[in-house]
Each structure stands twice: as C-alpha cells, then as structure tokens.
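# Structural overview for review
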Amino acid sequence: MKKYVYMFSEGNANMKELLGGKGANLSEMMNLGLPIPNGFTVTTEVCTKYYNDGGKISEEIEQEILNSLRKLEELTGKRFGDVNNPLLISIRSGARASMPGMMDTILNLGLNNTVVEHLKSTNKRFAYDSYRRFIQMFSDVVMEVDKSLFEKELDELKKEKGVNSDTELTAEDLSVLVQKFEKIYKKEVKSDFPQDPKTQLMEAIKAVFRSWNNPRAITYRKLNEIPSDWGTAVNVQEMVFGNMGETSGTGVAFTRNPSNGENKIYGEYLMNAQGEDVVAGIRTPQPIDKLKTVNPEAYESFVTYANKLEKYFKDMQDLEFTIEKGKLYILQTRNGKRAAEAALKIAIDLVEEKLITEKQALLRLDAKQLDQVLHPNFDQESLKKAKIIATGLPASPGAATGKVVFTAKRAVELKKEGEKDLILVRNETSPEDIEGMHSCERSFNCKRRYDFTCSCCSKRYGNLLCSGMWRNYSK
C-alpha cells in the first residue's frame, strides 16, 4: 500500500520532493539528535491528490493521518483532545522550495472549551492566551474570516485596559477576549467554533493545501519560477510554548548576516510570545545577542546547534526556535535567503573555510543576484550631507528615488496607471505585500523600534531615498 504520511523519524534531508523542505529538514535534524518537537509529515503527493480529487482527502489517507497521530501520542505521552494531559499541535506548510511566509500556519490546535477549562487550573493566563490565538488563526486560515475583526477587538480591549502590549492583559481580560472571538466566529461562519479536535485537524490540513494556491503564494511562485504542480507538504508537530511566561520565548535567526554576510548570528526574539508575535510588529523584538543575558544556557545551546547545522548543510541557515520554561527547541532550519552582497561574501567565506569548493560557490550565485550587485548606490560623500527624514530597514538592493506609497494595494494601482518610480514604505513588510513590492522600484521597512511619522499629508516628499542593503528577512 502506498505511504502518504511519514513520522519525522522515518525521513531524511534527501526526501524534499516528498516531504517538502521543512519536513525533510525536521527529519534530518531529528536524525542528528537536535531538540526537535516530534511529529509527522503529510506528503506533497497528498496535496496533488487533494486538488485532483476536487478538494477532498480520501478516507484511506485520513486514516493514515489518524494512525500517525496515535503514534505521536505514544511518543509524547499525551493524548489529542484529552482534558488531563492534552496534546496540542501546530500545522505548518512545507514546499520543496523555500517559500517563507507565503502559505499558512495554525498553532495550538486541539484546544476547545473543555480542554481550556482544565489548562486554566494550572496556568490560567497561558490557557486563554493560547485559545484566543487558536480561534483567530483557525478562523482566518481555515474559514477565511477577516483577521482584522479579531485584531480590532484586541486593540479595543488593550485601549480599554490602558495597556500597550498583549502581555499586559490579565487572564480575566483574555477570557473575555476568547468569548468575543467566539462570537465573531459564530457571526461570520453561522455556526459555533468547532469543538472536535479531529475535525479541527482535518480542516486545518485541507486549509494548508488550499494555501498553496492563495494569491501571494501564486505570485511568489511566478517571481521565483517555482512549478505550480509541486504542491506542499503539511507538518503536524507537537506544540512547544513560548508564551508560558518570562522563562519562555520564541525567535528567528540566521547563522550569518543576510544583508552583508558577516559571520555572526543575526536575528530577533521575544520572551513570553509565540512565533507570529515576532513578525507582527505589535511588540518590538530584541536582538538575538540579548538572549545571552536573559537565558545564557539557551543562547549557548542555540549557537552550538546553529553552527552544527551550518556545517552539516554547508550553507548559511535560517532557523526558528522556541524556549519553553527555559528549554530550547529548534522548529525549523533552511538555507537562508540573502542579499547579493551577502551571497558573494558567504560563498567566498565558505570556500575559505573549506566547507564548499570554488565550483560549488559559483553555482550558488545566480544571474539575478549578480545583477543586484550592479544596482545604483549612493555616493557616500553626498549621503553624509543629505537630510534624513526617516530611518528604517530597507528591503531592496541598491538605492533609488521615487514616489512614496504606503500600501501594497496602492503600489499596484499606480503601477497599472503607468507610474514607474515607486518606493513602498511600510511599518513592517509582510508576505501579503509581495505583489506591491514587485510593483515598486524599492521597498522600505520602517524600523519597528522607532515611531515612523511622515508629513506627506501636509508636505509631500517626492523623492525619499532608500539605502542599499536588502533585508530579505521573511519569517
């Protein structure tokens, strides 16, 4: 009988066509003995079959998924849907080619009104915080309910309580938020939030398959010449929690700087947070170096694992991690995206470090990256004399002048109207901006650690200059 589901322990790095890049690398890291939360991968073939069968998962494959879930229960000592020792899981996509941020993720799956009642007896705030996150993600990804409806309720609650950050809300506040989120779901979907964990699981897997053909994923594939018939795998993994207090956290980091190629760990983290918090821009992440003082043991372990993975895969790695009550877990590794300048430096350095040959180094540099190196740049002496009107994180190579636009939608509209020189300025670029970014000369991320203010309403700046390092820092 054909096999459609693989436990992480059954795969390896050479199975990317079947397990996707994320699933294959999770398997390989488990083989290497790294601290990986256990789980299984539903293969890319199931995604292809899902579309060929008209958006359905066969009973045979569903049973194989549930059998793998039982194996995961045995490995973790937890039970899916159990009130006393519940197994909560994450559902993540994983195509064979890296497509950071293009497809969908669901965290904390397995929670329902009964399970959360038990969890709150041990950590009330954590229980309601995880549940409100799950309701919003499930509603957005699976049922296509506009996530801004939930974000509006969260913002209004923070304003009512006089706080700026989610972490300042109490368990009671979050309990109220859960009730409001359930009401939004019922109003938009015309039914109660699903309480059966197995229903949640199967619907989430289907949703990840559907996300293979969402607009941003299609655009990304076209821009990066990724075949549409590859499909995505789905990784079902035991949850580890970065939102269990100040001894827990989450982050993303590169083994080298993706902008300039410097051989130094580069990334960000947040304590008492889950993965989406790092990229949402609601809270300001801390540089990874600061983790050394907050949790020296976790930091040193992370550096050790990061260096081990770079040497093993012989390339700069992009990692995601979670710390749960002081213990470090690696959630993902992949070859990191990098700017052209960084690609040149990293390729040369890896040759000098005898990790790759000169021929391998040359093959890693494609024509598009070399083109980036030739982009116009500022004259440094003139730049010193320039008046700075904004500071931020540029997301494109080279330098440019042009008309500033503040939304991806507006960038696309102006491009269609014949505008040629556009610069996209955002508080924080996200995967949803990809079409707008492609319509612009340059993209510019306003630095989260500063409040970006623009006086364009009263005084128009026609030429906002953007400096030259490309921050391809998708998470």
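This report concerns the structure included in the present document. Here, residues in each chain are numbered from 1, in the same order as that chain's written sequence. Reporting of local features is limited, given that this is a predicted model, to residues whose pLDDT is at least 70; pairs of side-chain atoms are given and counted only at 80 or more, and all residues count toward the totals for whole chains, interfaces and linings. Only hydrogens and water are set aside; all other atoms, that is, all heavy atoms of the structure, feed into the side-chain values.

### Here we look at the pairing of strand E6 (residues 249-254)
Across the six residues that make up E6, a large majority, six, are buried. For two strands to be treated as a pair, DSSP must find at least two bridges joining them. By definition, any uninterrupted DSSP run of H or I lasting at least four residues is a helix, any uninterrupted run of E lasting at least two residues is a strand, and each is numbered from the N terminus. Direction of pairing for E6 relative to strand E7 (residues 266-271): antiparallel, over a ladder of six bridges. In the strand pairing of E7, glycine 249 is matched with methionine 271. Alignment of E6 against strand E9 (residues 317-324), held across six bridges, turns out to be antiparallel. If you follow phenylalanine 254 over to E9, its bridge partner there is aspartate 318. Relative accessible area decides the class of each residue, using a 1.4 Å probe on protein chains only: under 20% of the type maximum gives buried, over 50% gives exposed, and in between gives partly exposed.

### Considering the sheet that holds E9
Sheet architecture is open: five strands sit in the order E8-E7-E6-E9-E10, paired in antiparallel fashion. Two strands close off the open sheet at either side, each with one partner strand: strand E8 (286-287) and strand E10 (327-335). With eight bridges connecting them, E9 and E10 associate as antiparallel partners. Residue glutamate 324 lies in a different strand from E10, and its bridge partner there is lysine 327. The strands touched by helix H11 (residues 296-313) within the sheet are E6, E9 and E10, with E10 carrying the most contacts at an inclination of about 25°. Contacts are residue-level and defined by heavy atoms, with any inter-residue pair within 4.5 Å sufficient. Every angle, taken between N-to-C directions, lies between 0 and 180 degrees, and every axis is a line fitted to C-alpha atoms, over only the stretch in contact when it is a helix.

### Structural notes on helix H2 (residues 44-52)
Three or more residues of H2 are buried, namely Thr44, Val46, Cys47 and Tyr50. Mapping the buried residues of H2 onto a view down its axis gives an arc of 155°, with all of them on the same face. Next to the buried residues of H2 lie helix H1 (16-31), strand E2 (39-42), helix H3 (59-76), helix H7 (197-211) and strand E5 (232-238). Positioned one or two residues after H2, glycine 54 has a phi angle of 75°, which is positive. Along the arc lie the directions from the helix axis toward the C-beta atoms.

### Overview of the packing of aromatic side chains
Within 6.5 Å between ring centres, the rings of Phe, Tyr and Trp (the latter by its six-membered ring) count as paired, and their orientation is classed by plane angle as stacked under 30 degrees, edge-to-face over 60, tilted in between. One pass over the full model with this rule turns up eleven aromatic pairs. Ring centres of tyrosine 131 and phenylalanine 193 lie 6.3 Å apart, and the angle between their planes is 80°; on these two criteria the pair is classed as edge-to-face. Of this pair, tyrosine 131 sits in helix H4 (residues 113-141) while phenylalanine 193 sits in the loop between helix H6 (171-189) and H7; the two residues are 62 residues apart in sequence, bridging distant segments of the chain. The two residues tyrosine 131 and phenylalanine 193 agree in class, both being buried. Measuring from centroid to centroid gives 4.9 Å for phenylalanine 150 and phenylalanine 181, while their planes differ by 80°, and the two rings are edge-to-face. Taken together, the residues phenylalanine 150 in helix H5 (residues 148-161) and phenylalanine 181 in helix H6 connect sequence positions 31 residues apart. A single burial state applies to phenylalanine 150 and to phenylalanine 181, both of which are buried. Members of the aromatic cluster, joined through ring pairs, are Tyr131, Phe134, Phe138, Tyr185 and Phe193.

### What to know about empty space enclosed by the protein
Here a cavity means grid points, on a 1 Å grid over the protein atoms only, where a 1.4 Å probe fits yet cannot get out; a pocket means an open set of points with protein on both sides within 12 Å along at least five of seven lines; lining residues are those with an atom within 4 Å of a point. Grid points are joined across faces, edges and corners, and a volume is the space filled by probe spheres set on the points. Following the criterion strictly, the structure yields two cavities of 30 Å³ or more and no others. The space that makes up the largest cavity amounts to roughly 100 Å³. In terms of lining residues, the largest cavity is bounded by 15 residues, among which Arg92, Met239, Val240, Thr322 and Leu331 are the most central. At the level of elements, strand E3 (89-95), E5 and E6 are the ones that each hand at least two residues to the lining of the largest cavity. Its volume calculated, the second largest cavity comes out at about 60 Å³. Along the walls of the second largest cavity sit eleven residues, with Arg133, Asp166, Thr167, Asp277 and Arg283 positioned nearest its centre. When residues of the lining of the second largest cavity are assigned to their parent elements, the largest contribution, four residues, is made by H4. In this classification, Asp, Glu, Lys and Arg are treated as charged, Ala, Val, Leu, Ile, Met, Phe, Trp, Tyr, Cys and Pro as nonpolar, and every other residue, Gly included, as polar. When the residues that make up the lining of the second largest cavity are grouped by side-chain class, the tally is one nonpolar, three polar and seven charged.

### Considering the layout of surface pockets
Using a probe with the size of a water molecule, rolled over the atoms, empty space left in the structure can be pinpointed. Approximately 420 Å³ is the volume found for the second largest pocket. By residue number, the principal contributor to the lining of the second largest pocket is H4, which donates five residues. Across the lining of the second largest pocket, the residue classes tally to twelve nonpolar, six polar and four charged.

### Brief notes about the pairing of E5
Burial runs high along E5: seven of the seven residues are buried. With burial as the criterion, each face of E5 is covered, one bearing Thr232, Val234, Val236 and Glu238 and the other bearing Ala233, Asn235 and Gln237. The sheet contact formed by E3 and E5 spans seven bridges and is antiparallel. Following the sheet pairing, isoleucine 91 is matched in E5 by valine 236.

### Quick notes on the packing of H4 against H6
The description of two packed helices rests on the angle between their axes and on the distance between the axes. Where H4 contacts H6, the axes come no closer than 9 Å and their chain directions differ by 40°. Comparing the axis directions of H4 and H6 gives the class oblique. Our pair here, H4 against H6, has a crossing hand that is left-handed. Note on element contacts: H6 touches H4 through Ala171, Glu172, Leu174, Ser175, Leu177, Val178, Phe181, Glu182 and Tyr185, opposite Asn113, Lys124, Arg125, Tyr128, Asp129, Tyr131, Arg132, Ile135, Gln136, Phe138 and Ser139. Per-class residue counts for the contact of H4 with H6 are ten nonpolar, four polar and six charged. To sort the angles, those under 35 degrees are grouped as roughly parallel, those over 145 as roughly antiparallel, those from 65 to 115 as roughly perpendicular, and the leftovers as oblique. For any pair of crossing helices, the crossing counts as left-handed if the nearer helix is rotated counterclockwise from the farther one by less than a right angle, and right-handed if it is rotated clockwise.

### Side note on a negative patch on the surface
On the surface, a cluster of negative charge is made up of Asp146, Glu151, Asp155, Glu156, Glu160 and Glu188. With four residues, H5 is the single largest residue contributor to the negative patch. Tracing the backbone shows glutamate 188 in helix H6. Only residues whose relative accessible area exceeds 30% and that form no salt bridge are eligible for patches; like-charged ones are grouped when within 9 Å, while nonpolar side chains (Val, Leu, Ile, Met, Phe, Trp, Tyr) are grouped when within 5 Å. Note on areas: Shrake-Rupley with a 1.4 Å probe; residue coverage comes only from the protein chains shown. A side-chain nitrogen of Lys or Arg and a carboxyl oxygen of Asp or Glu constitute a salt bridge if their distance falls within 4 Å. Positive: Lys, Arg. Negative: Asp, Glu. His and the chain ends are not part of the count. Charge placement uses NZ in Lys and CZ in Arg. For Asp and Glu, CG and CD serve respectively.

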